[in-house]
Amino acid sequence: MHQALWQSVLGEIELTVSHATFTTWFKNTELIDQNESEIIISVPNIFAKKQFEVKFDDQIRNVLAKNGVNAKEVTYTINTSNKHARLNRETTLSNNTNANNSTVDELLQSNNKPSTTTRLVTSGNLNPRYTFDNFIVGSSNDLAYTASQAVAANPGVKYNPLYLYGGVGLGKTHLMQAIGNEIIKKDPKIRVIYISSETFVSEFLDYIRFKKKGFSEKYRNVDVLIIDDMQFIAGKEKTQEEFFHTFNHLHQNNKQIIISSDKPPKSIPTLTERLRSRFEMGMTIDIQMPDFETRCAILNIKASLSGITLKQDTIEYLATNIKTNIRELEGALNQLLAYAEMRGIEPDISTAEGLLGNIHHSRPQHISSKQIIDRTAKHFQIELSELCGSKRDKHIVVPRQIAMYLLRSELHLSFPKIANELGRKDHTTAIHSIEKIEKAIKLDYIIREQVASIREKLYA
Amino acid sequence: MELTVTQENLNRAISAVGRVASTKTQLPILSNILLRTDGNRLLVAATNLEIATTQYIGAKIAKPGAITIPAKLMSEFISNLPKQSVELKVINDNLHIKCGTYSSIINGFIADDFPELPTINESSSIQYSIKVEDFKQAISQTIITTSNDTTRPVLTGVYWNSFQGQLYLAATDGYRLSERRLVETKSEISAIIPTQTLQEVLRNISDESSEIDILFDDTQVRFRINDAEIISRLIGGNFPNYRQLIPASSETTAVLNKADFIRITKISGLFARESGGSITLTTNKETSVLSIHSIASQLGENTSEASAKITNIGQITLNSRYLSEALSVIDSDEIEFSFSGKIAPCILKSTKPDTEYFHIIMPLKS
């Protein structure tokens, strides 16, 4: 009620004064009390108080009157316990120029233990919704999951830095936030910061532009630093340098660093060498597209979270048709549930077909065997004639096998047909090749990545 | 507005307030200074919305009025004028300045847009009058241990607090702590003054100042030195309860000459640059020697000794910079240095009985 009134007052005043004036004086003001004779407005400092009393008082009274509030007295008080400051005070410790210097804080804390139990929990930008409990583990992400749990159990000890990479919507952010949440749950005093590298870059630019100080302290005073979407730092040299120093500082002091990106460090072209080698010195794990069973499990859990149990065939239909990422999978599920609810019908397979068929089902039909072969040849930069030829050099054999694998996995062609497409007579060659790649995908991340990237381009 | 002032007075006032006028601000008028007639004086003021400084200078006023003008240009222009009388005249929001053979017009802003300067109600606030020497010493002794970490605002200032009828100043950056007893007080007070404000006050102290008047209310503080006034916000929040950190007793105490102590600290500090300033102090009771040892793995190592009165053997590792800064502000020829083992804080003070200042440093974990 107070807030709404003050909002409309501010809205009106904003139109009449300059932008700079408005942000300087009216930001952080609040209407804190209102009764018949008096209105109390809180302002951030003594300068604002004086300014309001002398310069803005008439204007505020006028606008209040327009909003139907006629107050005899308008009082301005200074908001001494600034919320923002208080939170910061609790969440960060002092500037650490000497990592191994004991601090007065530690002593204070050990001296008055009983009173520190009411400390505020650090937020660190974490979303409490992301936890390990609601992360669905399958063969495609179990390594990442286990490593993340190990990091959460002993931050800074094992796997530092932890570098997670994979395509969009595969759960990198979820895992990273789960680590942060888990650490805070165990020990609220640990300082965790979660930011995207984009925020890091823009904050850094701000600090440079306004010649502010304290940028390095902000990130060097944490116990766990989580940076999402690291690839955005690529090409920004000055920021990379700043990050490099932050990284070193944290790493030397055994503080945990967790990084995510869409590519492994090697494949980010404009990442400086020294950052790349540092990213690789901890644990680098990729998160793959979940397999069919995992996709089904995800759909089951998400549906039950909305209080709906889907039939197995509907789940399987969705899981079969949406392979690229989990976000899309969730989107399709939500779409289906919403549509069914709106129409008052069962969210069954026929509804799903009707709804999603035109979007997803048609996709594989756009892809021809020729496209797959072309793409593969292009990806490995070899001639089409070589790929379909008879040469058996290693740099041609592997792409040929991958092409066969893709023909099988994407188009479900028969083995003789696959062999024929690539100029082979014997279908056992195709069987052998496909088996080989299936095995290699599980063991060799290079192959896995190549397959994923060709597949991505096919559907792009 | 139309008036005449001397160049010396105007220059002193403008250069004093000009430092506060900030260029890094959203509100352009804050990079201006305010000139306003006040009875038969000229008020010169600037503010950055954390601090406001005001200087009053005597002037021959022909016509009252006010104007604001860009601080940087004005102060550079005035400081280059000859030491003669300066005529200031406002015509259409522009300031016409004439001094000897120089004349210029500076485009101004109307004074109405300038933020109102905060005022303090003298009757309802706590007041102190402090000798300038004491004030200067107390501030320089405590300001070195304030923090510049803006994420913990309460540590970025000096904490003025009353305790058992005395006014104390205290500051800590988390690694060291200093406390200075200043004057007797009958009022209860607890206020944190920003470091920048105190630095600004120190700059405004001139040779002819003898007393400084300080006025506190709940949210602001005002300093008055001669014709200058500085009003600043106070930092909100609670200062840590630092008194519980003061060691009640110590296992080891060394008493030694301050000059000796400073010299051996400085020398051993040369070999501690690689290790983040880490130096190890050892007391030897039998030989009555305090020795400092530091190692630079690439360059070599150093052991420096000074003779001292020692009560017990002991060892502690400290940051050499913190130690030499502490020694440089203790006003005494002899220093009492006490500690208890390697992890408890050490305390440095003068050997004078009932000394008003002490300095605590947390040891480095070695």
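Residues numbered from 1 in each chain as written. Chains lettered and ligands numbered in written order. Predicted model: local features only at pLDDT ≥ 70, side-chain atom pairs only at ≥ 80, totals over all residues.

Peer 1: Would you take a moment to explain the overall build of chain A for this structure?
Peer 2: Helix and strand content of chain A: 22 helices and 8 strands. Across the 460 residues that make up chain A, the buried fraction comes to 33%. (Helix = DSSP H or I, 4+ residues; strand = E, 2+ residues; numbered from the N terminus. Buried ≥ 20, exposed ≤ 12 C-beta atoms within 10 Å, placed from the backbone.)

Peer 1: How should I be thinking about the pairing of strand β2 (residues 38-43) of chain A in this particular structure?
Peer 2: Consecutive residues of a regular strand have side chains that alternate between opposite faces of the sheet. Residue and element names in this part refer to chain A. Of the two faces of β2, the one holding I39, I41 and V43 is buried and the one holding E38, I40 and S42 is not buried anywhere. Sheet analysis places strand β1 (residues 30-34) next to β2, joined by 4 bridges and oriented antiparallel. Paired with Q34 across the strands is I39, a residue of β2. Remark: 3 residues form the turn of the hairpin made by β1 and β2, two consecutive strands paired antiparallel. One ladder, built from 6 bridges, connects β2 with strand β3 (residues 73-78); its direction is parallel. (Pairing = 2+ DSSP bridges.)

Peer 1: In this structure, what is going on with the sheet that holds strand β20 (residues 289-296) of chain B? I would like to understand it.
Peer 2: Whenever strands of a sheet pair, they do so through backbone hydrogen bonds, lying parallel or antiparallel. Residue and element names in this part refer to chain B. Strands sit in the order β21-β20-β19-β23 across an open sheet of 4 strands; the sheet is antiparallel. The open sheet has two edge strands, β21 (300-307) and β23 (314-319), and neither has a second partner. Along the sheet, successive strands turn relative to each other by an average axial angle of 20°, direction set aside. As paired strands, strand β19 (residues 278-284) and β23 are joined by 6 bridges and run antiparallel to one another. Note that in β23 the partner of I279 across the bridge is L318. Docked against the sheet, helix α5 (residues 258-270) engages β19, β20 and β21, running at close to 175° with respect to β21. Along the sheet, helix α6 (residues 320-329) contacts β19 and β23; its crossing angle with β23, the most-contacted strand, is approximately 90°. (Axes fitted to C-alpha atoms, helices over the stretch in contact; angles between N-to-C directions. Contact = placed C-beta atoms within 7 Å.)

Peer 1: What exactly am I supposed to notice about the pairing of strand β12 (residues 166-172) of chain B here?
Peer 2: Residues and elements named next belong to chain B. Burial analysis of β12 places 6 of its 7 residues in the buried class, the great majority of the element. Strand direction decides the pairing type here: strand β11 (residues 157-163) and β12, joined by 5 bridges, are antiparallel. Across the sheet, the residue bridging to F163 is Q166, located in β12. Two successive antiparallel strands, β11 and β12, enclose a turn made up of 2 residues, where Q164 displays a positive phi of approximately 50°.

Peer 1: How do you make sense of the confidence of the model for chain A when you look at a structure like this?
Peer 2: When pLDDT drops low, the exact placement of atoms in the prediction is not to be read closely. Residue and element names in this part refer to chain A. When the pLDDT values of chain A are averaged, the result is 79; 87% of them are 70 or greater. Across chain A, the element-wise mean pLDDT spans from 37 in helix α4 (residues 83-91) up to 90 in strand β7 (residues 256-261). In this model residues 82-99 is a low-confidence stretch, pLDDT under 50, and it forms 45 contacts with partners more than four residues away in sequence or in other chains. Segment residues 110-123 is flagged for pLDDT under 50; beyond a separation of four residues in sequence, or across chains, it makes 15 contacts in the model. (pLDDT = per-residue confidence, 0-100.)

Peer 1: Can you help me understand the nonpolar core in this one?
Peer 2: Note that soluble globular proteins tend to have their nonpolar side chains buried in a common cluster. Counting 109 residues, the largest nonpolar core has V17(B), I33(B), V44(B), A45(B) and L318(B) as its most contacted members. Here L318(B) is in contact with I279(B), L281(B), L323(B), C346(B), I361(B), P363(B) and L364(B), once residues within four sequence places are set aside. Formed by 56 residues, the second largest nonpolar core is a distinct cluster that contains L164(A), I285(A), L310(A) and L329(A). (Core = buried A, V, L, I, M, F, W, Y, C linked by C-beta atoms within 7 Å.)

Peer 1: I tried to follow the environment of A45(B) on my own but got confused; where do I start?
Peer 2: All names here are of chain B. With respect to the element layout, A45 can be found in strand β3 (residues 41-47). For A45, a count of 23 C-beta atoms within 10 Å gives the class buried. Taking C-alpha positions, A45 is 8.2 Å from G18, a pair spaced 27 residues apart along the chain. Filtering out sequence-adjacent residues up to four positions away, A45 remains in contact with V17, I33, L34, A52, T53, T54 and L117.

Peer 1: So what exactly am I meant to see when it comes to the environment of T119(B) here?
Peer 2: Note on placement: T119(B) falls in the loop between β9 (102-107) and β10 (126-131). Between the C-alpha atoms of T119(B) and I231(B), which are 112 residues apart in sequence, the distance is 8.0 Å.

Peer 1: Honestly, the sheet that holds strand β8 (residues 283-286) of chain A in this entry has me stumped. Any pointers?
Peer 2: Residues and elements named next belong to chain A. The parallel open sheet is built from 5 strands, whose spatial order is β5-β6-β7-β4-β8. Only two strands of the sheet have a single partner each, and these edge strands are β5 (192-196) and β8. Pairs of neighbouring strands in the sheet enclose a mean axial angle of 15°, with direction left out of account. Pairing analysis gives 4 bridges linking strand β6 (residues 224-228) to β7, with the strands arranged parallel. Within the sheet, the bridge partner assigned to I226 lies in β7 and is I258. Each of β5 and β6 is contacted by helix α8 (residues 197-209), which is oriented at about 90° to β5, the strand it contacts most.

Peer 1: Explain the packing of helix α12 (residues 292-305) of chain A against helix α14 (residues 326-343) of chain A to me, please; I cannot follow it from the model alone.
Peer 2: Helix packing for two helices is described by the angle between their axes and how far apart those axes are. Residues and elements named next belong to chain A. Contact pair α12 / α14: the axes reach a minimum separation of 10 Å and the direction vectors enclose 45°. It follows from the interaxial angle that α12 and α14 lie oblique. The two elements α12 and α14 cross, and the hand of that crossing is right-handed. Within the contact between the two elements, α12 uses R295, I298, L299, K302 and A303 and α14 uses I326, L329, E330 and L333. (Parallel < 35°, antiparallel > 145°, perpendicular 65-115°, else oblique. Left-handed = near helix turned anticlockwise from the far one by under 90°.)

Peer 1: Mind showing me how you'd approach α6(B) here?
Peer 2: Along an α-helix, residues three or four apart share an orientation, since each turn contains 3.6 residues. Residues and elements named next belong to chain B. Within α6, the full set of buried residues consists of S320, Y322, L323 and A326. Relative to the axis of α6, the buried residues are bounded by an arc of 160° and lie together on one face. Considering only its buried residues, α6 is in contact with β13 (176-184), α5, β19, β23, β25 (346-350) and β26 (357-361). (Arc of directions from axis to C-beta.)

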